[in-house]
Amino acid sequence: MLEVKSLHVSYGGVQALTNVSVHVSKGEFVSLIGSNGAGKTTLLNSIMNIVGKQKGTAIFDGKDVTKFGTSQIVTSGMALVPEGRRVFSNMSVLENLEMGGFKRPAAEVKNKLEEIVKMFPVLGERGYQMAGMLSGGEQQMLAIGRALMSNPRILLMDEPSMGLAPLVIKEVYEKLKVLAESGLTILLVEQNASMALKYAQRGYVLENGRIIMQGKASELLGDNEVKRAYLGKEYKEKWER
Amino acid sequence: MGEIEVKYWQEEEERMPVAERKVFQLERLQTTVNRAYRKVDFYRKTFDELGLKPDVISELSDISKLPFTNKSDLRENYPYGMFAVPLRDIVRIHSSSGTTGKPTVVGYTKNDLDNWNNLVARVMTAGGVTKDDIVHISFTYGLFTGGFGLHYGAETIGASVIPVSSGNTQRQINIMQDYKSSTLVATPSYALHIAETMENMGIKKEELSLKYALLGSEPWGDKIRNEIQERLGVIASDNYGLSELMGPGISGECCAQDGLHINEDFFYPEIIDPLTLKPLPEGEYGELVLTTLKREGMPLLRYRTRDVTRIYREDCVCGRTLIKMEKPQGRTDDMLIINGVNVFPSQVEEALSKVQGVSPHYMIFVRKKGALDAMEIKVEVTENIFFDEMKKQRKLVDDLTSQFQKILLMKPKVTLVSSQTLERFEGKAKRVVDER
């Protein structure tokens, strides 16, 4: 469904991504893990063309979207939930959701809104509150809801667990699971490797802007290298203990 | 209750549309190159010396820009120099015998072993094995990858595995008879030896329960296959592997018995001209070169197998979309170039097997005749024919010459010699004398 091929991105002379290829098939939940500064956000931003691509291609549903503008990409069926939520704090929850559907006809927005409120009841309960008043977890739900307003076929998620308590993280992921089961395709990037891989079918490991591992999520979860680097498991040689 | 026929082990991978598989292949190739460069000193040095960057792979065809890996590289980095993970992540070590030099060592991580098991399970499933089979393994266990590779592949399928290992053929036959082994895993020559021993013991194939034979680790042709199938009452399939790359499980035959499907989602195959080292198009004969795509413990880039074959894509009746290779014809180490034509001693053997009245003992002589090369093949005949009339001898020479011409695509001089006159060899035979 989405195929990013041999992508190179640089910012002000610094190479952020080198020869990165990832793909997500229809209905798949794919996680890309990596530490801070590995280039995860850059990858999503360059797919959405928020930052430019130096080299490489992006094919979405058979269409070459490499050079599409961001709004054109959204119209073609992709939506991004940015890192740190980025909800409009001074607007109400409902207004935030409406913003997500601003390129859609009014009737469709109304239907979609009802659908999303049904899925995230808390957004309905707090509909008229300012988004800035919501808790972190609620803001994350709002950010997801806002992205869904454009009726995407693929959802790009940037660091959904950032700054959230473990219980809330689980709640967010459970929602993503429900969305995935309903047929939504998901590409997620995360530092929190254990959650990201637990819910995904496949995964990639990004390090210094390069993919250095990939495979089934279960395969990566069990890998010693991933455990050491991303799951915080301490490994010492026998003579060091 | 009817039996459920299992045709594939990992159907999604084995029947994936070729274009979709290519997406995985490119991603895995890029990842493998990144890992090899970062984690293996040998590759980092080689890349740096060549001024190559690991991001040289934008398309699959860019693989031709990568350097080759030779067996000598593995020897020079003996024992652990080619490993891409710390030793504590290695859970199994195999090694070559080291009879022709320093041994080569291979290491497997946990994931490598899981993958290996599944790849062998694919090949065995393609050869007919199911969880209901009783698998008799007469490969040597130990450092050699064959025994353990097939053993765990069969266990992964859920078959009952009898790890007999090699030796004591009479006992092996008794075990097969008593334990009702339904699948034999062996070298083709050992399978034939079992058949001969059974005859000597007066045991008929009907007294055994054998249905399948998975044979490999040495070159063999259809003549031997038919004989094994006939004498043991089995369906015999070929499988191919190389210890340096993993062991068995690289490719195997399906029910069509027409080419070996390469597990190309794990091993990227290329065919190169062994002289110019340039890649050859699909379908042409040359040396098989393999790149590991998912191996963690010891990634190998463009490993020169020295095996001569061709790879080709065709719609297979079995439904697999995996590319096929022919049974290897021989090794590039043994290849002779005579007036620009590649000749393998194995082709001479093949020609001999098609003519009655000659023994399998032969010698090849290559000399200069003016500017050209001349090839002479001396062949031992069985005694009764040699002392027979001239006419029969003439006919034999003509038959041999036309067989050679058909198979070697050139006309050698054929000389008949009486039996027991050619040199005999203990161990590896030296059948070529190149006097050029």
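Moving on, we come to the overall build of chain B. When its secondary structure is counted, chain B shows 12 helices and 21 strands. In terms of overall dimensions, chain B is globule-like: its C-alpha atoms have a radius of gyration of 23 Å, near the 22 Å expected for 436 residues. By its C-alpha atoms, chain B is 70 × 65 × 40 Å across when sized along the principal axes. Counting over 436 residues, chain B shows a buried share of 44%. A sequence separation of at least 24 residues applies to 65% of the contacts in chain B between residues at least 6 apart.

Residue and element names in this part refer to chain B. Partitioning chain B into structural domains gives domain 1 (11–15 + 91–329) and domain 2 (336–434). Between domain 1 and domain 2, the C-alpha centre-to-centre distance is 31 Å. If you look at the interface, domain 1 gives five residues, while domain 2 gives five residues. Here the residues of the side of domain 1 that touches domain 2 are counted per class, giving two nonpolar, two polar and one charged.

Here we come to the packing of helix 3 (residues 93–100) of chain A against helix 6 (residues 136–148) of chain A. All names here are of chain A. Between helix 3 and helix 6, whose axes approach to 7 Å, the crossing angle comes to 35 degrees. At the point where helix 3 passes helix 6, the crossing takes the right-handed sense. Contact residues: Val 93, Asn 96, Leu 97, Met 99 and Gly 100 in helix 3; Leu 142, Gly 145, Arg 146 and Ala 147 in helix 6.

Quick look at the interface of chain A and chain B now. Counting residues at the interface gives 18 residues for chain A and 17 residues for chain B. Contributing elements (two or more residues each) for the side of chain A that touches chain B: strand 1 (2–11), strand 2 (14–24), strand 10 (210–216) and helix 10 (224–230) of chain A. The residue makeup of the side of chain A that touches chain B, split by class, is four nonpolar, eight polar and six charged.

Before going further, it helps to spend a moment on helix 5 (residues 110–126) of chain B. The end-to-end C-alpha separation of helix 5 of chain B is 25 Å, in line with the 24 Å expected for 17 residues at 1.5 Å each. Within helix 5 of chain B, 13 of the 17 residues are buried, which leaves it mostly tucked inside the rest of the structure.

This part takes up the sheet that holds strand 12 (residues 303–309) of chain B. Residue and element names in this part refer to chain B. As summarised here, the arrangement of the four strands in space is 10-11-12-15, forming an open sheet in which the pairing is antiparallel. The open sheet is flanked by strand 10 (267–272) and strand 15 (330–331), the only strands paired with a single partner. Both strand 10 and strand 11 (residues 286–292) contribute to a ladder of six bridges, which runs antiparallel. Pairing of Tyr 268 across the sheet is with Thr 291, part of strand 11.

Below, the discussion takes up helix 9 (residues 222–232) of chain B. All names here are of chain B. Taken together, the buried positions of helix 9 are Arg 225, Ile 228 and Leu 232. Looking down the long axis of helix 9, one finds its buried residues gathered within 70 degrees of arc, a one-sided arrangement. Opposite its buried face, helix 9 presents the exposed residues Asp 222, Lys 223, Asn 226 and Glu 230, each directed more than 90 degrees away. Check the buried side of helix 9 and you find it contacts helix 8 (188–201), strand 6 (212–216) and strand 7 (235–242).

Attention now moves to the sheet that holds strand 1 of chain A. One open sheet accounts for four strands, arranged 2-1-4-5 (chain A); its pairing is antiparallel. Of all the strands in the sheet, the pair left with one neighbour each is strand 2 and strand 5 (63–64) of chain A. The pairing of strand 4 (residues 55–60) of chain A with strand 5 of chain A spans two bridges and is classified as antiparallel. By the bridge assignment for strand 5 of chain A, A:Phe60 is matched with A:Lys63. This element, helix 2 (residues 18–39) of chain B, spans strand 1 and strand 2 of chain A of the sheet and lies at about 145 degrees to strand 2 of chain A.

With that settled, consider the pairing of strand 19 (residues 372–381) of chain B. Residue and element names in this part refer to chain B. The pairing of strand 18 (residues 358–369) with strand 19 spans nine bridges and is classified as antiparallel. Each bridged residue has a counterpart across the sheet, and for Arg 367 the counterpart in strand 19 is Ala 374. Here strand 18 folds back onto strand 19 in antiparallel fashion, the turn holding two residues, of which Gly 370 has a positive phi close to 70 degrees.

A word on the environment of B:Glu155. Within the secondary structure, B:Glu155 sits in helix 6 (residues 145–157). Separated by 20 residues in sequence, B:Glu155 and B:Val135 place their C-alpha atoms 9.1 Å apart.

A word on the environment of A:Glu125. Within the secondary structure layout, A:Glu125 lies in helix 5 (residues 121–125). Residues A:Glu125 and A:Val93 lie 32 residues apart in sequence; the distance between their C-alpha atoms is 9.6 Å.

Turning our attention to the nonpolar core. The tendency in soluble globular proteins is for nonpolar side chains to be buried side by side. Ranked by size, the top nonpolar core spans 86 residues in total, and within it B:Ala191 and B:Ala213 carry the most contacts. By residue number, the principal contributor to this core is helix 5 of chain B, which donates seven residues. Beyond its immediate stretch of four places on either side in the chain, B:Ala213 contacts B:Leu184, B:Ala191, B:Ile228, B:Leu232, B:Val234 and B:Ala236. A:Val30, A:Leu148, A:Met149 and A:Leu164 belong to the second largest nonpolar core, which has 71 residues in total.

A few words on the pairing of strand 6 (residues 78–81) of chain A. Residues and elements named next belong to chain A. What you see with strand 6 is no split at all: Met 78 and Leu 80 on one side and Ala 79 and Val 81 on the other are buried throughout. By the bridge criterion, four bridges tie strand 6 to strand 7 (residues 154–158) in an arrangement that is parallel. Its bridge partner being in strand 7, Leu 80 is matched across the sheet by Leu 156.

Next up on the list: unusual backbone geometry. In the segment running from B:Tyr78 into B:Pro79, the intervening peptide bond is cis, with an omega of -5 degrees. For B:Pro79, the position within the fold is in the loop between helix 4 (71–76) and strand 1 (90–95). We note that A:Arg85 has phi near 65 degrees; this positive angle belongs to a residue other than glycine. One non-glycine residue, B:Arg302, adopts positive backbone phi at about 45 degrees. With respect to the secondary-structure elements, B:Arg302 resides in the loop between strand 11 and strand 12.

The predicted model of chain B averages 90 in pLDDT, with 96% of residues at 70 or higher. With pTM at 0.86, the complex prediction returns an ipTM value of 0.90.

Residues and elements named next belong to chain A. Between helix 6 and helix 7 (residues 166–181), the least distance of the axes is 10 Å, while the angle of their chain directions is 20 degrees. By the criterion of interaxial angle, the relationship of helix 6 to helix 7 is roughly parallel. Judged by the sense of rotation from one axis to the other, the crossing of helix 6 with helix 7 is right-handed. Contacts between helix 6 and helix 7 involve Gly 136, Gly 137, Gln 140, Met 141 and Ile 144 from the first element and Val 168, Glu 171, Val 172 and Lys 175 from the second. Residue composition of the contact of helix 6 with helix 7, grouped by class: four nonpolar, three polar and two charged.

Reading guide: rules and limits
Residues numbered from 1 in each chain as written. Chains lettered and ligands numbered in written order. Predicted model: local features only at pLDDT ≥ 70, side-chain atom pairs only at ≥ 80, totals over all residues. Helix = DSSP H or I, 4+ residues; strand = E, 2+ residues; numbered from the N terminus. Rg over C-alpha atoms; globule rule 2.2 N^0.38 Å. Buried ≥ 20, exposed ≤ 12 C-beta atoms within 10 Å, placed from the backbone. Contact = placed C-beta atoms within 7 Å. Domains from an automatic or database assignment. Nonpolar A, V, L, I, M, F, W, Y, C, P; charged D, E, K, R; others polar. Axes fitted to C-alpha atoms, helices over the stretch in contact; angles between N-to-C directions. Left-handed = near helix turned anticlockwise from the far one by under 90°. Expected span 1.5 Å × (residues − 1). Pairing = 2+ DSSP bridges. Arc of directions from axis to C-beta. Core = buried A, V, L, I, M, F, W, Y, C linked by C-beta atoms within 7 Å. pLDDT = per-residue confidence, 0-100. Parallel < 35°, antiparallel > 145°, perpendicular 65-115°, else oblique.

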